[in-house]
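So you can see what is in the structure, the chains are spelled out below.
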Amino acid sequence: MPKPKYPTPNNNFPRFINEYLQGHSDSLNDLAYKINNLVPKELAIPIDTLEKTNGNSNIISGNSNIFSWRKGTRPKEPAIRAALCKILDITYIESLFLIPSKTTDYTLSVLDYLVTFIKELSTKDQYKNLDLSLNMYNIGQLVAQSSTSSKNYLNLSYLITKVIKTEQDKVEFIHMKKYHTFFDSIHEKPYSFWQYSQKNIYCSNESNNLYYWDPTSMLNHLSHTFDYLRGDILGLTKIDAEFDDDANYTYYRLSLLNDSYDENLMCFCTAINLLINMMDKIDNKYLSGLYKLGISEDETAYNIAPKVLLENNDLLSYKK
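What should I look at first to understand helix H10 (residues 215-228) in this one?
Side chains three or four residues apart in an α-helix point the same way, a direct result of the helix having 3.6 residues per turn. The terminal C-alpha atoms of H10, which comprises 14 residues, lie 20 Å apart, in line with the 20 Å expected from a rise of 1.5 Å per residue. All of the buried residues along H10 are Pro215, Thr216, Met218, Leu219, His221, Leu222, Ser223, Thr225 and Phe226. Those residues of H10 that are buried are in contact with helix H5 (100-121), helix H6 (125-128), helix H7 (139-144), helix H8 (156-179), helix H9 (193-203) and helix H11 (230-239).

Next comes the structure, spelled out in C-alpha cells:
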C-alpha cells in the first residue's frame, strides 16, 4: 500500500524487534512461533522452511514476515500487533509514539499538512472554474469531500467550523483591544475568514450564485486561517497542562485502539479531534477576553450575524 500524503507516525516496531533479538537467543522463526501461540490459528504466521531435493524440508531460522517488520512494514492484523507488543513488552502506543513529545510534534505536523492541503486545493482547475459562492457554511464540506482521501478525514468539516469561529473571536478581540470597536474597524487588519465569508453571503441569495471572493480566494483565506492560529496552538502545548506533551500522549493512548487496519488514518483522525479540543480552549480564552471588554458570547459578531441576516439587515454594510 502506498504511503499516504498526510503525516504518519513513526513505526517503532523495527527498533523494539531488533532490541528483543539482541537480548534473546530467539531466531526469527522462534519469534514467529511465540506470536502464533498468542493469535488464532487462521492468523498464524507462516514458518519459513528450506525445501530439499528429496522432498523433505527443514525449518530455517529466518522468517520473511518478521524480516519485513524489521525493515519497517507493520503487521496489518490487530491481533498480531497485540501479540507482538506483548512479546516485546511494550504498549501499543509505544509502537507508534516513542515518547510524549512525539504526539505533540505529530499533531502540529497534521496542522501544517492541512494548511498546505487547503492551499493546494486553491490551485486546482476544478476550483478555479467553480461557479460557487463559498462561505463559512459550505466550505468545510467542500474541503472534506475534495478527494478520495479527505472523505475519510473524520470530523475535518467540524474542525474547519471551529477554526473559523476561533479566528473570528480572536480578530474581534484584537480589534476591541486596539480600536475599542469591531464594526467601526472592520476595514483594518487583521481580517478573518469570517469577514470574507460574510461578504460572500451578502452578495448571494436563493436566486443567484454571486460572490465577491471567488472559490480559490476563499480556499486561500481558509488556509491562512489555519496557519494564523498555529501560534496559539503551539503556545497551548507549552503553557497549558491540558495540552502539554504528557496530556497529548495520554489523549492518543486512550484514543488509539488496536482494532484498525488503517493505523495511519486512525492517528490522523485522532489528531483532528485533538485540534478540535484545542480550538475550544483557544476560543474560550478570547471569549473570556471579550467578556472582560463588555462583549458576551451572545453579542459577538460571529453569533449575532445569523440573526441580522434573517432580519434582512446588513451587518457589515455589504449590499446584495
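Right, picking up where we left off after that structure.
Teacher, can you tell me more about the packing of aromatic side chains here?
Given two aromatic rings, their pairing is described by the distance between the two centres and the angle made by the two planes. What the rule picks out here adds up to 16 aromatic pairs. Between Phe182 and Trp194, the ring centres sit 6.3 Å apart and the planes meet at 50°, which makes this aromatic pair tilted. Here Trp194 lies in helix H9 and Phe182 lies in the loop between H8 and H9, a separation of 12 residues in the sequence. Here Phe182 matches Trp194 in class, with each residue buried. For the ring pair Tyr251 and Tyr252, a centre distance of 6.4 Å and an interplane angle of 80° mean the geometry is edge-to-face. Given the relative accessible area of 23%, Tyr251 is considered partly exposed. We classify Tyr252 as buried; its relative accessible area is 0%. The rings of Tyr6, Tyr113, Phe117, Tyr153 and Phe268 are connected pair by pair, giving a single aromatic cluster. The ring centre of Tyr212 lies 3.9 Å from the NZ or CZ of Lys199, which sits over that ring.

It is not clear to me how the environment of Pro46 should be interpreted in this structure. Could you clarify?
Here Pro46 is to be found in the loop between helix H2 (28-36) and strand S1 (49-51). For Pro46, a relative accessible area of 52% corresponds to the exposed category. Placed 52 residues apart in sequence, Pro46 and Leu98 show a C-alpha to C-alpha distance of 29 Å. Those residues in contact with Pro46, other than ones at most four positions away along the chain, are Asn63 and Asn65.

Where do I start with the environment of Asp259 in this structure?
Within the element layout of this structure, Asp259 appears in the loop between helix H12 (245-255) and helix H13 (263-292). Between the C-alpha atoms of Asp259 and Arg81, which are 178 residues apart in sequence, the distance is 9.6 Å. Residue contacts for Asp259: discarding those within four places in its chain leaves Pro78 and Arg81.

The rules behind the values
Residues numbered from 1 in each chain as written. Predicted model: local features only at pLDDT ≥ 70, side-chain atom pairs only at ≥ 80, totals over all residues. Heavy atoms only, no water. Helix = DSSP H or I, 4+ residues; strand = E, 2+ residues; numbered from the N terminus. Expected span 1.5 Å × (residues − 1). Buried < 20%, exposed > 50% of the residue type's maximum accessible area, 1.4 Å probe, protein only. Contact = heavy atoms within 4.5 Å. Phe/Tyr/Trp six-rings, centres within 6.5 Å; stacked < 30°, edge-to-face > 60°. Lys NZ or Arg CZ within 6 Å of the ring centre and 35° of its normal.

Geometric descriptors of this kind do not, in isolation, establish any biological role.
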